[in-house]
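Per-entry structural report
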Amino acid sequence: MEQTKYLIAGCSHAALSALNSIRMLDQDGSLTLVTKDDHLPYSPTVLPYIVSGQSKPEKVKLRDDEFFAQNKVNFISGAGLSTLDVDNNSVTLQNGQEWQYEKLLLATGAAPAIPPIPGLTDTPYHVLRTMDDAVNLHAALESAKSAVVLGGGLIGMHAAENLIKVGVQVTIVEMRPQVLPGYFDAEAAKIIEQTFIENGVAMRIGNTVVGAAPDGEGAKVSLDSGDEITADLLLVCTGVAPVISYLEDGPVETDQGILVNDCMATNIANIWAAGDVAQAVNFYSGEKSVGGILPAAVEQGRIAGMSMINDPAINPYPGGVPLNTYGFFGNQAISVGVSDENALPKDTEVLLNVNEEEMTYQKILIGEGCLLGISGINTDFDPGIMWQLVLQRVDLEPVKEEFLNSPTDTGRDLMSRTWR
Amino acid sequence: MGHSHNTIAFHQDKCDGCGECMTVCAEAKSGTADTLHSRLKIVPSIAANDSFELALCRQCGDPKCVLNCPSGSLTKNHKTGVVPWDAEKCVDCLLCTVGCAYGGITYNAAAGHVMKCDMCDGDPACVKSCPTGALEYNRSAEIYNNYGELEDLFVPGLAACQGCNSELLIRHTMRKIGSNAVVATPPGCIAGMGTVGFNGKTGSKIPVFHPLLTNTASMLAGAKRYYNRIGRDVTMVALAGDGGTVDAGFQSLSGAAERGEQMLYICVDNEGYMNTGMQRSGSTSFGSWTSTTPVGETLHGKTQDAKNMPVIMMMHNCEYVATASLAFMDDYYEKLDKALAAAKRGMAYLHVYSPCPTGWRIPSESTNEVCRKAVETNFVTLWEFAPDEGLRFTHSTDDPLPVEEYLNLSGKYRHLDDAQLTHIENSVERKVAFLNGFMLATSDDGAESLAQ
């Protein structure tokens, strides 16, 4: 059985962030990074650009062999976790290797959640979560003239835009009454939907798919409205679910994902979890929920790594905050924190500023003098500063007027004073 | 040893919001004067009128923008310290801007991509354009990198008091000077902390000796003449305190200076005999508490002003005279270079102000802050003198902070009454006026301003 001090399962943002934290204090402790993928580390976020051809797979690697050599990282690709034996502090990999660890980080991410649509399993469809998915989809575009995208979340919207830009006729089907729920309210979503329609995307919002079937080389989907859509390509982007199958019937506590405390530790000694696989506390509700947000994965990975190395500078995880930057057809939509006041107490102040002609939108939510959320389309603010204002519950009462007039300048002023 | 990086420092108290830095940045980086394209942003402060704040990439050691980047377009260059952005790899997702709590990487809607400071390859345009000195390119890291590689010539574990920066000074100084030197450490803290050794073992890796308090300069002069006679070029270094320099050691130093003996004499001035129980010296400042100038019903600290030793040495027409403070290491290093060159020709004298946490009653972690405030209030002025070039300030004496901001940091001034404070304010002004007059009379810069 092979031995390693640190074993990190997964190699995207949470894993690399934890690696970074560990190497800050322990440059020599043996560290092994295992991933089921056959590629050097990459981000799922970049995949829509691979699909469109804007980026090439070999250009978007987050780390390379030189980095692993410099940082004394034993990188094993093409071998995900197969089983975990917590009593023995050991794992088996899909390639049959057995590894014993002192400390284990589970950063195995998430995989597409496939909805139980009758006939779907017999229908050829694409998903977009791994590099191989993206390369396959990119190749399929050569012959495809039309596509149906199931799901109006971030990945679906991104993919749809990149498909239409290479000349594919696209239809988006979203079950819920708006696109991008959780990040933007209905009004902002409307602006985004409208832009998609203007750019030639067919939007079927509030429609449920009730059936799918093969149609020649392509697919045919039936909607609850009775309509049927046929397309050369079917792309399923209906969300993701944490990859936790290797934990089945084991003692590591899971719900939707792996349950972690505010240092990303699981209920089992020597095991941590971070990123899309983890179910960590939410900043607003205090409840544990799965996130799937890149900056949250980085943050959780950082804290997990610090906890694994006993870094005395560690601060507990403040809780997940919805964060999103979303570019579409040359526009920029950004949201930090809550975007829908209906989820907040009644006395929440809502400051809305919409200019339909210029296609700008900005909403600021303030409760008890603190920023609860800010979202905007084609407006100006620094999301990183806003995130900190939310987390640190910075009192905005003394500067409220200025903040509403210019969240950018006021945010920078507050930031510069607070972090000088 | 880790690698350290130069930084752009922002002195908020000096910024008048003119915005020249933003114009220059936009021109340098985007070829337009439109400050929309500036990588650094000066914003008016809401908290105080006529006060400004800065948003600028801090080139973090552990940058979150890099960890947030999904396309590998942001990296940390550990050699230069800069976080460069690769436009070709960028997919314009803006997740980097979520990671930055400083407004250091921002989306430029007009350009259609993010932008950030790249430090202009180590020669930042903004700093050069700043008319008030609010932006500073701090090169201390360069010093750390360059000198950290050189051999430390003292043993580990010298027994200086906690927070004393004399140890920092002597280690840095001797790393720079190197091992072809003889060091004299007369009675005082530097000898006392173990540089001359304990129990027959030396505390340094080079020849070091312990002269009397009175004869440091004479002994070095003799040793130097002997080395000259046998044809060896060896640097003579005195690491002396203020007592061994301005009081008991003065006649031998004055004689050596007058004769032009070749040596580098460094006076580490902690304003008293701190090693032997914090007695007053000729260098103790007016109003200071010491064990021999106590504070009670009749006496309220020292009743005389300190001797202005560096000025006295300047009047000896030494090859080189300069004052220094360890809060300004880059300034000290430049002066050390000049002093070493001058010591080959004759007397080079460096007067380094060195707060004593124990004797001045300052918290051990605030020594550097005391050093800094001493200079920023003009209580200590940084200047250099050479016979051919006259006197030149190396840190502006314009717009000093109130001297109280310096005095309030030390327990030894806690008892000061208004009359004593006024006396100190007046003497600080008088000393600066004297030096200014001397500068005008002796230097080229001074001659130019007189001509106007």
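Keep in mind that what you see is a predicted model, and the values were worked out from it rather than measured.

1. A look at the overall build of chain A
- From N to C terminus, chain A includes ten helices and 24 strands.
- Whereas a compact globule of 420 residues would reach a radius of gyration of roughly 22 Å, chain A reaches 22 Å, a difference of no more than 12%.
- For chain A, the spread of C-alpha atoms along the three principal axes comes to 65 × 60 × 40 Å.
- Scored against the burial criterion, the 420 residues of chain A give a buried share of 47%.

2. Examining the sheet that holds strand E10 (residues 202–205) of chain A
Residues and elements named next belong to chain A.
- One open sheet accounts for four strands, arranged E10-E9-E8-E14; its pairing is parallel. A strand with exactly one partner marks an edge of an open sheet, and here the two such strands are E10 and strand E14 (233–236). Averaged over all pairs of adjacent strands, the angle between their axes in this sheet comes to 15°, without regard to strand direction.
- Relative to E10, strand E9 (residues 169–174) is paired through four bridges, and the arrangement is parallel. Looking at the pairing, glutamate 174 lines up with isoleucine 205 of E10.
- Docked against the sheet, helix H5 (residues 154–165) engages strand E8 (146–150), E9 and E14, running at close to 165° with respect to E9.

3. Observations regarding the interface of chain A and chain B
- In this complex, chain A contributes 39 residues to the contact, which on the side of chain B involves 31 residues.
- Breaking the side of chain A that touches chain B down by element, the ones donating at least two residues are helix H1 (13–25), helix H7 (294–308), strand E20 (323–328), strand E21 (331–337), helix H8 (383–391) and helix H10 (407–418) of chain A.
- With seven residues, the top contributor of residues to the side of chain A that touches chain B is H10 of chain A.
- Each residue belonging to the side of chain A that touches chain B can be placed in one class, and the counts come to 16 nonpolar, 14 polar and nine charged.

4. As for helix H8 (residues 216–229) of chain B
Residue and element names in this part refer to chain B.
- Helix length check: H8 (14 residues) gives 20 Å between terminal C-alpha atoms against 20 Å at 1.5 Å per residue, within 8%.
- Thr216, Ala217, Met219, Leu220, Ala221 and Lys224 are the residues of H8 that are buried.
- Contact partners of the buried residues in H8: strand E7 (181–184), strand E9 (235–241), helix H9 (243–247), helix H10 (250–259) and strand E10 (263–269).
- In the segment just after H8, glycine 231 is the residue with positive phi, at about 85°.

5. Focus on unusual backbone geometry
- The phi dihedral of methionine 264 of chain A is positive, around 70°, even though this residue is not glycine.
- Relative to the helices and strands, methionine 264 of chain A is located in the loop between strand E16 (258–259) and strand E17 (271–273).

6. Some thoughts on the domain arrangement of chain B
- On domain assignment, one finds that chain B holds domain 1 (7–141) and domain 2 (151–451).
- The C-alpha centroid of domain 2 of chain B is placed 39 Å from the C-alpha centroid of domain 1 of chain B.

What counts, and where the lines are drawn
Here the residue numbers are simple positions, counted from 1 along each chain's written sequence. Chain labels run from A onward and ligand labels from 1 onward, assigned in the order the entries are written. Residue-level local features of this predicted model are given only where pLDDT is at least 70; pairs of side-chain atoms are given and counted only at 80 or more, and the full residue set underlies all totals for whole chains, interfaces and linings. Each helix corresponds to a stretch of at least 4 residues labelled H or I by DSSP, and each strand to a stretch of at least 2 residues labelled E; elements are numbered beginning at the N terminus. Here the globule rule reads 2.2 Å times residues to the power 0.38, and the radius of gyration is calculated from C-alpha atoms. Three classes are used. A residue is buried when 20 or more other C-beta atoms lie within 10 Å of its own, exposed when 12 or fewer do, and partly exposed in between, with C-beta atoms placed from the backbone. Only strands joined by at least two bridges in the DSSP assignment are considered to pair. Whenever a helix is involved, its axis is fitted only over the stretch in contact; in every case the axis is a line through C-alpha atoms, and angles between N-to-C directions fall within 0 to 180 degrees. Contacts are defined on C-beta atoms placed from the backbone: any two residues whose C-beta positions lie within 7 Å are in contact. When residues are sorted by character, Ala, Val, Leu, Ile, Met, Phe, Trp, Tyr, Cys and Pro go into the nonpolar class, Asp, Glu, Lys and Arg into the charged class, and all the rest, Gly among them, into the polar class. For a helix, the expected span equals 1.5 Å multiplied by the number of residues minus one. Either an automatic procedure or a domain database provided the assignment from which the domain bounds are taken.

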